[in-house]
Amino acid sequence: MKKVSTKSKMLITACAVLILGSTVVSAREISDYDMIMPRLGGVTYTDTLLKDNQSRAVNNNTLIGGGYTMNCAIYRGNDKLTGDRSAKSGDRIYISNKNPSNDVGTRVKLGCWTSLGSHVKVQTRGSWSPDENSEDVYVSVPLMRCTDNRWRS
């Protein structure tokens, strides 16, 4: 009996995945940030993201310059939707919404600032999401068949 090669197994697996016709993707939006926080407690904001569900927001900070502490909150326009949270460089923090059911389906942003006593601008870098948990979304992909080592629709 002839043994099935590794390439054949990979090709069969790829064909099987495509034949299923759907795949699961995360609906949660995640955005990177690299910004300078102003002096004396001035707030700087990220771009807006869609709040998809009632879970907490996540700020995964990778760098805060000079050993400073960053304060952050979630905003819709100029309205602060959450309490203030503090983070040091490398912290992953969760930010709870005051009224999560009111915020679903809206565009929100992360606001970041240093303390009032900070007389210098401070760089911060990381990623954030308005939703800690994602809801699975099934996306249909076109069915394809594999014939003669070529893909056909």
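Everything below is about the structure shown above.
Conventions and cut-offs
- Each residue is numbered by its place in its chain's sequence as written, counting from 1.
- Per-residue local features of the predicted model are confined to residues with pLDDT of at least 70, and side-chain atom pairs are confined, for both listing and counting, to 80 or more; whole-chain, interface and lining totals are unaffected and use all residues.
- Hydrogens are left out, water is left out, and the side-chain values use all remaining heavy atoms of the structure.
- DSSP calls a pair of strands paired once it identifies at least 2 bridges connecting them.
- Helix and strand definitions here come from DSSP, where helices need a minimum of 4 consecutive H or I residues and strands a minimum of 2 consecutive E residues; each element is numbered from the N-terminal end.
- Angles run from 0 to 180 degrees between N-to-C directions of axes, and those axes are lines fitted to C-alpha atoms, restricted for helices to the stretch in contact.
- Only protein chains enter the accessibility calculation, which uses a 1.4 Å probe; a residue whose area is less than 20% of its type maximum is buried, one above 50% is exposed, and one in between is partly exposed.
- Contact between two residues is taken to exist if any of their heavy atoms lie within 4.5 Å; hydrogens are not considered.
- Stacked, tilted and edge-to-face pairs are distinguished by plane angle, under 30 degrees for stacked and over 60 for edge-to-face with tilted covering the rest, among Phe, Tyr and Trp rings (Trp via its six-membered ring) whose centres lie within 6.5 Å.
- Geometrically, a charge over a ring is one whose NZ (Lys) or CZ (Arg) sits within 6 Å of the ring centre while staying within 35 degrees of the ring normal.

1. With respect to the sheet that holds strand 11 (residues 122-129)
Here we have four strands laid out as an open sheet, ordered 2-11-5-9, and antiparallel in their pairing. In the strand order of this sheet, the two ends are held by strand 2 (31-37) and strand 9 (92-95), each with one partner. Sheet twist, expressed as the mean angle between neighbouring strand axes with direction ignored, is 30°. Inspection of the sheet shows strand 5 (residues 57-64) paired to strand 9 by four bridges, in the antiparallel sense. What sits directly across from Ala-57, in strand 9, is Ile-95.

2. A look at the pairing of strand 5
As paired elements, strand 5 and strand 11 share six bridges and run antiparallel to each other. Looking across to strand 11, one finds that Leu-63 is bridged to Arg-125.

3. A closer look at the pairing of strand 11
For a regular strand, side-chain orientation follows a simple rule: the groups alternate between the two sheet faces. In terms of residue burial, strand 11 counts as a mostly covered element, since six of its eight residues are buried. Of the strand pairs in this sheet, strand 2 and strand 11 are connected by seven bridges, and their pairing is antiparallel. Along strand 11, the bridge assignment pairs Ser-31 with Trp-128.

4. Some points on the environment of Val-104
Looking at the element boundaries, Val-104 is found in the loop between helix 2 (100-103) and strand 10 (107-113). A relative accessible area of 36% means that Val-104 is categorised as partly exposed. Each C-alpha atom, one on Val-104 and one on Asp-52, is 5.4 Å from the other, the two residues being 52 residues apart in sequence. The residues touching Val-104, leaving out its near neighbours within four places in the chain, are Lys-51, Asp-52, Asn-53 and Gln-54.

5. A short note on unusual backbone geometry
Its identity is not glycine, yet Leu-40 carries a phi of approximately 55°, on the positive side. Structurally, Leu-40 is set in the loop between strand 2 and strand 3 (44-45).

6. Observations concerning the packing of aromatic side chains
One pass over the full model with this rule turns up one aromatic pair. Ring geometry for Tyr-45 against Tyr-75: centres 5.2 Å apart, planes inclined by 85°, an arrangement best described as edge-to-face. Placement of the pair is Tyr-45 in strand 3 and Tyr-75 in strand 6 (residues 70-76), with a sequence separation of 30 residues. Overall, the relative accessible area of 33% leaves Tyr-45 in the partly exposed class. Taking the relative accessible area as the measure of exposure, Tyr-75 reaches 6% and is therefore buried. For Lys-109, the ring lying beneath its charged end belongs to Tyr-45, and the centroid distance is 4.2 Å.

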